[in-house]
Amino acid sequence: MKAFAQLFADLDATNKTGRKLDVLSQYLAQAPAADAAWAVFFLSGRTLKRLLPSARLRGWGAEAAGVPGWLFDESYHAVGDFSETVSLLLPRNDVGTDLPLHHWVEENLLHIQLASEGEQKRLLLDAWRSMNQPQRFVWNKLITGEFRVGVSQRMVVLALAQAARLEPAVISHRLMGAWQPTPAFYASLLQPETQSAQESQPYPFFLAHALEDAPARLGDIADWQAEWKWDGIRAQLLRRGGNIYLWSRGEDLVTDRYPEIIADAARLKDGVVLDGEIVGWKDGRPLPFGDLQRRIGRKNLGKRILREVPATFLAFDLLEQNGVDVRALPLVERRQRLEALLGQAFQPDNTSRQSGKADPRTGLQLAPVVNASSWEELAARRLESRERGVEGVMLKRRDSVYGVGRERGPWWKWKIHPYHVDAVMVYAQLGHGRRASLYTDYTFAVWDNGELVPFAKAYSGLSDDEIHDVDRWVRGHMVEKFGPVRRVEPTLVFEIAFEGIQLSTRHKSGVAVRFPRMARWRKDKKPEEADTLKMLRGLTKLTPRLAKPEVTMPTLFDFGADDS
């Protein structure tokens, strides 16, 4: 535990990628396999389920520190991080524990999950008493599931690849899917490259960069394939060993959450892996992402939710065919194979042929390409995005291989411009982590019949200088206090950008916006010049739920047609 706490401190102390990589590589080279396996687990972004309710942690933390609850709460609001608050308030221990990371995780942390409340308290207090302040801090991060230290999975992959003298792509693939952080698994990570792969293991996802310049700078449009950028969940669909697996980009196995997709995937031949997007789909068009969110995380899918929010898998790439990895083939060939594969799997049955109707299955579809003979024509088609319920256009080089992670050059996302409204700040709250002492989290409102109605929260978009200016302003213009929240004088106006909007009965304003952030501080505007709730609700008419259905999809056995 001492070495892992030191690793956390060293990683947290630098912003330089090269230094972080050196520190991580040195740790992995020296750590026992049992510790290294858990380190890779946590550093690659995986977490254990939250082990204890916040109220218990707060109560036991205050008790162990010997402070009243109100003082613990005030300390937390000042520090902004629960793990750090507890580690600072507990009685000092300069010695710490020499027991290794895997002991504390396997003999303490995992037992907390199944223990009674009394046993949970005993295990937690024993750990706190045994550890020094840096160790407690990291330990609390593991308990709360908030272990973040500025290390990307890509960096972990590079460090492992360096230690094993393997290509990063090999390590990335081995870290995908479900695995247990055991010494045996860690040893398998570092083994020489083999052709074997776990049946359920997906491939690393290939990601695009946002287009930063005019698309004409990319060269001849004939060298590029354009597709719609769907607003859903990026996923891979695997058909191996007679089984079907559906993995989200976040590496969650979601097979049981989308039965309509799995039903159609059963028609695929074995040894196939598809890349695509899970999208809410009804009446021949995509549903807003907010509708799909109603299904995310649900353990029980009733008939009503399946009827109201049916889902489809829009396949846009082929990664494996007949059990062979085809990612190194150019996109144009992968696309041809994908079209042929789905066309063969979804030939209309005899009944459909006799009736002249298309196969009614919609759980698995081919994502259409967007045909355009010039960049100008494609730009015009991109303007249809909101009406179609998509986020813009994807641009992919026809000769591109399917890479690993986010690479500049082969794939670009050309998103439509976000919505913008001018809104008034009405509430402010302290941030977290390094922003714990600054008011950085704000609530914004628009006018409705002479009153300001909150509709969104945002904490990103401002420069560091602007954040400090707003923080100073907030401290001098507070009106009321609600726990950690401060109501402020409604005088500051900000331009708020967001990607999507839809009607919502869960919010007082009647609307829900997606990915809100501050585009700029409108110092040139007075609060009475901010926008209205009527205008905001009017934007919902541009969403696919209310727009007239005009999008048609090619049938699964008619791949020669355009997307419209």
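Use the structure listed above.
Note that this is a predicted model, so its numbers are computed, not measured.

Student: Kindly report on the overall build of the protein, identifying the contributing residues and their values.
Tutor: The secondary structure content of the protein amounts to 21 helices and 22 strands. Relative to the globule expectation of 24 Å for 564 residues, the C-alpha radius of gyration of the protein, 26 Å, shows essentially globular dimensions. Taken along its principal axes, the extent of the C-alpha atoms in the protein is 80 × 65 × 50 Å. The proportion of buried residues among the 564 residues of the protein is 51%. As displayed, the protein offers around 26800 Å² of accessible surface, 50% of which is attributable to carbon and sulfur atoms. Within the protein, one finds 77 positive and 72 negative side-chain charges whose respective centroids are separated by 3 Å.

Student: How would you summarise the side chain of Asn93 if you had to cite specific residues and measurements?
Tutor: Counting through the fold element by element, Asn93 comes out in the loop between α6 (82-89) and α7 (101-114). A distance of 3.0 Å separates the side chain of Asn93 from the backbone nitrogen of Val95, its partner in a polar contact. Here the side chain of Asn93 touches Arg129 through a polar contact of 2.9 Å, landing on its backbone oxygen. Once residues within four sequence positions are removed from consideration, Asn93 is found in contact with Arg129, Ser130, Met131, Asn132, Gln133 and Arg136.

Student: Talk me through the pattern of salt bridges; I want residue IDs and the actual numbers.
Tutor: This structure, assessed with the given rule, holds 37 salt bridges. Here Lys396 and Glu227 are joined by a salt bridge, their closest N and O atoms 3.0 Å apart. In this pair, Lys396 sits in strand β11 (residues 392-397) while Glu227 sits in strand β3 (residues 224-228), placing the two residues 169 residues apart along the sequence. Of the charged contacts, one joins Arg239 and Asp270 as a salt bridge, the two residues approaching to 3.9 Å between their closest N and O atoms.

Student: Can you explain the pairing of β11? Please cite residues and give values.
Tutor: Along β11, five of the six residues are buried, which leaves the element largely enclosed by surrounding structure. Of the strand pairs in this sheet, β3 and β11 are connected by five bridges, and their pairing is antiparallel. Residue Trp224 lies in a different strand from β11, and its bridge partner there is Arg397. With five bridges connecting them, β11 and strand β13 (residues 411-415) associate as antiparallel partners. Bridge pairing links Gly392 to Lys415 in β13.

Student: Provide a residue-level description of unusual backbone geometry, including the pertinent values.
Tutor: Phi at Asp283 takes a positive value of approximately 55°, unusual for a residue other than glycine. Of note, Phe515 is a non-glycine position whose phi angle comes to about 55°, a positive value. Within the secondary structure, Phe515 is located in the loop between β21 (511-514) and β22 (517-521). Residue Phe515 is classed as partly exposed on the basis of its relative accessible area of 47%.

Student: Any chance you could break down the sheet that holds β13 for me, citing the residues and the numbers?
Tutor: Reading across from one edge, β2-β13-β11-β3 is the order of the four strands in this open sheet, with mixed pairing throughout. The open sheet has two free edges, formed respectively by β2 (209-210) and β3, since each of these has just one partner strand. Looking at chain direction, β2 and β13 are connected through two bridges and run parallel. Along β13, the bridge assignment pairs Ala210 with Lys413.

Student: Summarise the environment of Glu377; cite the residues concerned and give the values.
Tutor: Examined against the element boundaries, Glu377 turns out to sit in helix α18 (residues 375-382). Leave out the neighbours within four places in its chain, and Glu377 touches Asn371 and Ala372.

Student: Could you give an account of the packing of aromatic side chains, with specific residues and numbers?
Tutor: With the rule as written, the count across this model stands at 20 aromatic pairs. With a centroid separation of 5.5 Å and 80° between ring planes, the pair formed by Phe8 and Phe137 is classed as edge-to-face. Of this pair, Phe8 sits in helix α1 (residues 2-12) while Phe137 sits in helix α9 (residues 133-144), and the two are 129 residues apart along the sequence. Relative accessible area serves as the criterion here: at 5%, Phe8 is assigned to the buried category.

About the criteria used
What you see as residue numbers is a count from 1 along each chain, following the sequence as written. Only residues with pLDDT of at least 70 get local features here, since the model is predicted, and only at 80 or more are side-chain atom pairs given and counted; chain-wide, interface and lining totals rely on the full set of residues. The basis for every side-chain value is the complete set of non-hydrogen atoms in the structure, without hydrogens or water. The helix count covers DSSP runs of H or I at least four residues long, the strand count covers runs of E at least two residues long, and both are numbered beginning at the N terminus. In this description the radius of gyration comes from C-alpha coordinates, and the expected globular size is given by 2.2 Å times residues to the power 0.38. Each residue is assigned to one of three classes by its accessible area relative to the maximum for its type, calculated with a 1.4 Å probe on protein chains only: buried under 20%, partly exposed between the two thresholds, exposed over 50%. Computed by Shrake-Rupley with a 1.4 Å probe, the accessible areas treat only the displayed protein chains as cover when residues are assessed. Charge counting follows a simple rule: Lys and Arg are positive, Asp and Glu are negative, and His as well as the terminal groups are ignored. In this description, the location of a charge corresponds to atom NZ of lysine, CZ of arginine, CG of aspartate or CD of glutamate. Pairing of N or O atoms within 3.5 Å defines a polar contact, subject to two protein rules: one partner must be a possible hydrogen donor and the other a possible acceptor, and residues neighboring in sequence count only if both atoms are side-chain atoms. It only takes one pair of heavy atoms within 4.5 Å for two residues to be counted as in contact. Whenever Lys or Arg places a side-chain nitrogen within 4 Å of a carboxyl oxygen from Asp or Glu, that contact is recorded as a salt bridge. When DSSP finds two or more bridges between a pair of strands, those strands are recorded as paired. Ring pairs are drawn from Phe, Tyr and Trp, using the six-membered ring of Trp, whenever the two centres fall within 6.5 Å, and their geometry is named by plane angle: stacked under 30 degrees, edge-to-face over 60, tilted for the rest.

Everything listed here is a matter of coordinates, which is why it stays silent on function.
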